[in-house]
Amino acid sequence: MEQTFVILKPSTIQRSLIGDVITRYQRKGLIVTGIKMMQLDEKILREHYAHLVDRPFFPSLVDSMTRTPVIVMVLKGKDAVEVVRAMTGATNCRKAAPGTIRGDFGMSGQENIVHASDSPENAVIEINRFFKPEEIFDYPMPTFNAIYAPDEQ
Ligand code: IDP
Ligand code: MG
């Protein structure tokens, strides 16, 4: 089953929303296969946000993403990348639809609560960038057969 990569950004840590955000993913039926707290630095952010390094807001984004440690997560589910991106909402929280995580928890374009991988290819790259193989776990979930029909598993 597909896995995707999520960062609970410093805005989430500072606003004590860690539990609320993780609860949203778990209630949806996504399985947490990896989770840890880590301090990001400019080097890893230049890789992770390579498409943005030349943008004028990049220094501010680095300041924001290094302000506190973050929580990085791997979530597993059918079509997990698409599902989690849909739950995330538009980049700017003020434009993100109500019901999405950004739409419900934020007011900023930069301080926008979470990062989520935007394609299956990037999910694999990002999981490998932030996690060692032994930090990702495959374990049985008793609820699995209540979350998915047999032909969806
Ligand atoms: P995404 O997080 O919705 O995939 P990206 O365009 O990949 O959006 O941008 C990565 C992150 O960079 C955003 O989540 C946000 O924190 C920040 N960002 C993007 N555009 C802007 C901007 O115009 N001003 C400030 N920060 C921005
Ligand atoms: Mg992006």
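Structure shown above.
These numbers come from a predicted model, not from an experiment.

Thresholds, definitions, all that
Within each chain, residue numbers correspond to sequence positions counted from 1 in written order. To label them, take the chains in the order written and letter them from A, then take the ligands in the order written and number them from 1. Thresholds applied to this predicted model are a pLDDT of at least 70 for local features of residues and 80 or more for the giving and counting of side-chain atom pairs; totals over whole chains, interfaces and linings are not thresholded and use all residues. Heavy atoms throughout the structure, all of them, feed into the side-chain values; hydrogens and water do not. Every case where a carboxyl oxygen of Asp or Glu lies within 4 Å of a side-chain nitrogen of Lys or Arg is listed as a salt bridge. Comment: elements are numbered from the N terminus, with helices defined as DSSP H or I runs of at least four residues and strands as E runs of at least two. Summary of the burial criterion: residues with accessible area below 20% of their type's maximum are buried, those above 50% are exposed, and those between are partly exposed, where the area comes from a 1.4 Å probe applied to protein chains only. For two strands to be treated as a pair, DSSP must find no fewer than two bridges joining them. Whenever a helix is involved, its axis is fitted only over the stretch in contact; in every case the axis is a line through C-alpha atoms, and angles between N-to-C directions fall within 0 to 180 degrees. Any pair of residues with heavy atoms lying within 4.5 Å of one another is described as a contacting pair.

Our focus in this paragraph is the pattern of salt bridges. Taken as a whole and judged by the stated rule, the model has six salt bridges. Arg24 is paired through a salt bridge with Asp104; the nearest N and O atoms lie 3.0 Å apart. Here the residue Arg24 occupies a position in helix H2 (residues 18-28), and Asp104 occupies one in helix H6 (residues 101-105), the gap between them amounting to 80 residues. Residue Asp104 is classed as partly exposed on the basis of its relative accessible area of 38%. A salt bridge links Glu47 to Arg129, with the shortest nitrogen-to-oxygen separation between them at 3.3 Å. Remark: Arg129 occurs in helix H7 (residues 120-130) and Glu47 occurs in helix H3 (residues 42-48); sequence separation between them is 82 residues.

Reading across from one edge, E2-E3-E1-E4 is the order of the four strands in this open sheet, with antiparallel pairing throughout. Each of the sheet's edge strands pairs with one partner strand only, and the pair in question is strand E2 (31-38) and strand E4 (114-116). For this sheet, the mean inter-axis angle between neighbouring strands, taken without regard to orientation, is 20°. Each of strand E1 (3-8), E2, strand E3 (70-76) and E4 is contacted by H2, which is oriented at about 165° to E1, the strand it contacts most.

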